[in-house]
Amino acid sequence: VAPARRVFLNAVFLALILGSAYDIVTDREHWPFSQYPMFSVAWHSPTFTWLRLFGVTADGREFPLVSNQYIAPFDDSRLPKALKRIMDGPDGPARVRTAVGECLARYDALRADRMHDGPPIVAMRLYELEWTIDPSAANIDIPDRRRLITEVDQP
Amino acid sequence: MTAARREWNRFWFAPGAAATLGMCRLLFFGMLCVWMLPHDFSAWGSYSPVFWMPIRLFDVARVPPPSTDSLILMQTVWKTALVLSALGLFTQPAMLIAAALGLYLLGLPHNFGQTQHFDTLVVFALAALALSRAGDAWSLDVLLNPGRPREPEQSGEYTWPIRFVWVAMALIFFAAGISKLRHSGLDWIFSDSFALMLVRQQYHISDGEPLTSWGIAIAAHPWLSHAMAASAVSVETLFPLALFSRRARRVVVPAGLMFLVGIRVLMGPTFEQFMMCYVFWVPWERVTAIVRDHAHVDLRRRLARGDADRLFTTADEPH
């Protein structure tokens, strides 16, 4: 390896190592560097809350959008966290309404493209659900509590 | 200091075979193609700025929310570059494009509310390959160009990209282990935390569904969930040993892969892209030598058995 190229490559190696070390030491994230905090906080609570979208059919029936195919390119992890950040940000209620409206439009677009076989819906609702963690996860479809955050009808 | 420098240089630039790096390139880009071809990034362009929460890289670079049309164009070019990189055709420019557009396209979803961590290693691997001479073997560029040597001399140029991915992977595992110890200490192992997480993951809260419900069964046995939590933290924090000890490598590297498989099976998060980078741990020149030796032995055995006629007759010849 030529000397000049070796210097350049060493700089690349150091960038990788120092960039990673910085995020590890400071416990911060600068993607693609990260301190990789996933699952790092011990969980002791027997309950947890989660935001979830529900579709509403013409006959008033509700169903949860628990499959990524209804919300792609979002997924069941990213979308609730995005909605939570929007909710907690400035002008949260109005912005989360806009966001849910876009999820409704996206559901329809995916349905039109036959990317999922969900029923046609007339509205979309965002709930905050709370569960007590059941040892056999038997209550997945039956949360202890649910709070309506917003509802958006078809335009 | 001189000894440390010598070790540093030996680690990164020990002479290596072009065939190993070439095979890593072929397999890595090949798998990434298969994984990414059905993936549509253009849908991110259909959201309004209400969802746009840029990560630092995009914020500092003042990258605006994308349009659907620009994403369609970019992903088409990117996927083409992935295919060309895998085939080893126009390898150098293809790998450069794959790395540059990969940084953008793989980073893009993280600007929509959550930074996930499945693809950081892929970004580093793409960057390393873009700067490498990974097209010197197992490539159409070599096959189609009679002037290029079929078996280039061993060089440090064929070692450092592989070691780069090793180091990046080791840093990622290590950071994840340290994160757990920093935020939770040994509580992460000895409390009921891991068991609760295993069950909680069944409630449709992950980017991918757990492939099985075995997490529930494991959570029902505290000793088993404690043992799994302990092994997870151990594998993560001890992974850097794989860089320095061949013996540790034999244990820690497969254990890390099993750990990722375990996460996917029990908890859901989709680490498939990360797992693709395991091709860089395989000494492909030795694997191909073993396969070649077996093929020769098999041929000699068949010749010794008198199968030569059958081996060398074509379908048109009378038996």
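Predicted, not measured: the structure shown is a model, and the values here were computed from it.

J.: Explain the overall build of chain B here, please?
T.: Helices and strands together make up the secondary structure of chain B, namely 17 helices and zero strands. Put simply, chain B has 319 residues, and 53% of those count as buried. In chain B, once contacts between residues fewer than 6 apart in sequence are set aside, the share between residues at least 24 apart is 78%. Summed over its atoms, the accessible surface of chain B is roughly 15,100 Å², and 65% of this surface lies on carbon and sulfur atoms.

J.: I would appreciate a short explanation of a nonpolar patch on the surface in the present structure.
T.: Residues and elements named next belong to chain B. Taken together, the side chains of Leu37, Val83 and Leu87 present a nonpolar region at the surface, about 240 Å² in accessible area. With respect to the helices, strands and loops of the structure, Leu37 is situated in the loop between helix 2 (18-36) and helix 3 (56-60). Overall, the relative accessible area of 47% leaves Leu37 in the partly exposed class.

J.: How should I be thinking about the pattern of salt bridges in this particular structure?
T.: For side chains bearing opposite charge, pairing can occur when the charged atoms are close. Throughout the structure, instances matching the rule amount to 14 salt bridges over all chains. In this structure, Glu62 of chain A and Arg146 of chain A form a salt bridge, with 2.8 Å as the shortest nitrogen-oxygen distance. A residue pair is termed long-range when its members are at least 10 positions apart, and Glu62 of chain A in strand 2 (residues 62-64) and Arg146 of chain A in strand 4 (residues 145-153) qualify at 84 residues. Its relative accessible area of 42% is what places Arg146 of chain A among the partly exposed residues. One salt bridge in this structure joins Arg133 of chain B and Asp136 of chain B, with 3.1 Å as the shortest N-O distance. For Asp136 of chain B, a relative accessible area of 13% puts it in the buried group. One salt-bridge network, in which partners are shared between bridges, spans Glu62, Arg125, Arg146 and Glu151 of chain A.

J.: Explain the interface of chain A and chain B here, please?
T.: If you look at the interface, chain A gives 66 residues, while chain B gives 70 residues. Between chain A and chain B the total buried area reaches about 6,300 Å² when both faces are included, carbon and sulfur atoms providing 67% of it. For chain A, the biggest contributors to the area lost against chain B are Trp31, Phe39 and Arg78 of chain A; these three give 15% of the whole. Linking chain A to chain B there are two salt bridges. Run the count over chain A and chain B and you get 30 residue pairs in polar contact (both at pLDDT 80 or more). Looking at the side of chain A that touches chain B, the elements with two or more residues in it are helix 1 (3-26), strand 1 (47-56), helix 2 (68-71), helix 3 (78-88), helix 4 (92-112) and strand 3 (123-132) of chain A. Residues of the side of chain A that touches chain B, tallied by class, amount to 38 nonpolar, 14 polar and 14 charged.

J.: Please clarify how a positive patch on the surface should be interpreted in this entry.
T.: Taken together, Arg246, Arg247, Arg250 and Arg286 of chain B make up a surface patch of like positive charges. The greatest single-element share of the positive patch, amounting to three residues, is contributed by helix 14 (residues 246-266) of chain B.

J.: Please explain the nonpolar core as it appears in this structure.
T.: Here is a general trend for soluble globular proteins: nonpolar side chains tend to be buried in one another's company. Counting 138 residues, the largest nonpolar core has Leu53 of chain A together with Phe28, Phe51 and Phe280 of chain B as its most contacted members. At 14 residues, the largest contribution of residues to this core is made by helix 8 (residues 160-184) of chain B. If near-sequence neighbours (up to four positions away) are discounted, Phe51 of chain B is found in contact with Phe74, Leu79, Ala82, Leu83, Ile86, Ala99, Glu102 and Cys103 of chain A together with Asn111, Phe112 and Gly113 of chain B.

J.: What exactly am I supposed to notice about the environment of Ala128 of chain B here?
T.: Residue and element names in this part refer to chain B. Of note, Ala128 is situated in helix 6 (residues 120-130). According to the relative accessible area criterion, Ala128 is buried, its value standing at 2%. Measuring from C-alpha to C-alpha, the distance between Ala128 and Ile162 comes to 8.2 Å, with 34 residues separating the pair along the chain. The contact partners of Ala128, leaving out residues within four places of it in the chain, are Trp160, Pro161 and Phe164.

J.: I would appreciate a short explanation of the side chain of Glu102 of chain A in the present structure.
T.: Tracing the backbone through its elements, the reader meets Glu102 of chain A in helix 4. Of the side chains with opposite charge, Arg95 of chain A comes closest to the buried, unpaired Glu102 of chain A, at an N-O distance of 9.2 Å. Apart from the residues lying within four places of it in its own chain, the contact partners of Glu102 of chain A are Ser46, Tyr47, Ser48, Val50 and Phe51 of chain B.

J.: It is not clear to me how the state of the cysteines should be interpreted in this structure. Could you clarify?
T.: The term disulfide refers to a covalent linkage connecting the sulfur atoms of a pair of cysteines. Residues and elements named next belong to chain B. Taken as a whole and judged by the stated rule, the model has zero disulfides over all chains. Cys277 supplies the cysteine sulfur nearest to Cys24, a cysteine that is in no disulfide, at a spacing of 10 Å. On the accessibility criterion, Cys24 (0% relative accessible area) is buried.

J.: Help me out: how do you make sense of the confidence of the model for chain B in this one?
T.: In low-pLDDT segments, the atomic positions of the prediction should not be examined closely. Residues with a pLDDT of 70 or more make up 96% of chain B, whose mean pLDDT is 93. Note that pLDDT drops below 50 for residues 311-319 of chain B; the model gives that stretch six contacts with residues more than four away or on any other chain.

J.: Explain the environment of Gly156 of chain B here, please?
T.: Within the secondary structure, Gly156 of chain B sits in the loop between helix 7 (140-144) and helix 8. Take Gly156 of chain B: its relative accessible area is 7%, and that puts it in the buried class. When neighbours within four sequence positions are excluded, Gly156 of chain B is seen to be in contact with Val1 of chain A together with Trp12, Phe13, Ala14, Pro15 and Gly16 of chain B.

Reading guide: rules and limits
- Residues numbered from 1 in each chain as written.
- Chains lettered and ligands numbered in written order.
- Predicted model: local features only at pLDDT ≥ 70, side-chain atom pairs only at ≥ 80, totals over all residues.
- Heavy atoms only, no water.
- Helix = DSSP H or I, 4+ residues; strand = E, 2+ residues; numbered from the N terminus.
- Buried < 20%, exposed > 50% of the residue type's maximum accessible area, 1.4 Å probe, protein only.
- Contact = heavy atoms within 4.5 Å.
- Areas by Shrake-Rupley, 256 points an atom, 1.4 Å probe, with all protein chains shown as cover.
- Patch = residues over 30% accessible without salt bridge, like charges linked within 9 Å, V, L, I, M, F, W, Y side chains within 5 Å.
- Salt bridge = Lys/Arg side-chain N within 4 Å of Asp/Glu carboxyl O.
- Buried area = accessible area lost by both parts, 1.4 Å probe.
- Polar contact = N/O pair within 3.5 Å; in protein donor to acceptor, adjacent residues only side chain to side chain.
- Nonpolar A, V, L, I, M, F, W, Y, C, P; charged D, E, K, R; others polar.
- Lys, Arg positive; Asp, Glu negative; His and termini not counted.
- Charge placed at Lys NZ, Arg CZ, Asp CG, Glu CD.
- Core = buried A, V, L, I, M, F, W, Y, C linked by side-chain atoms within 4.5 Å.
- Disulfide = S-S within 2.5 Å.
- pLDDT = per-residue confidence, 0-100.

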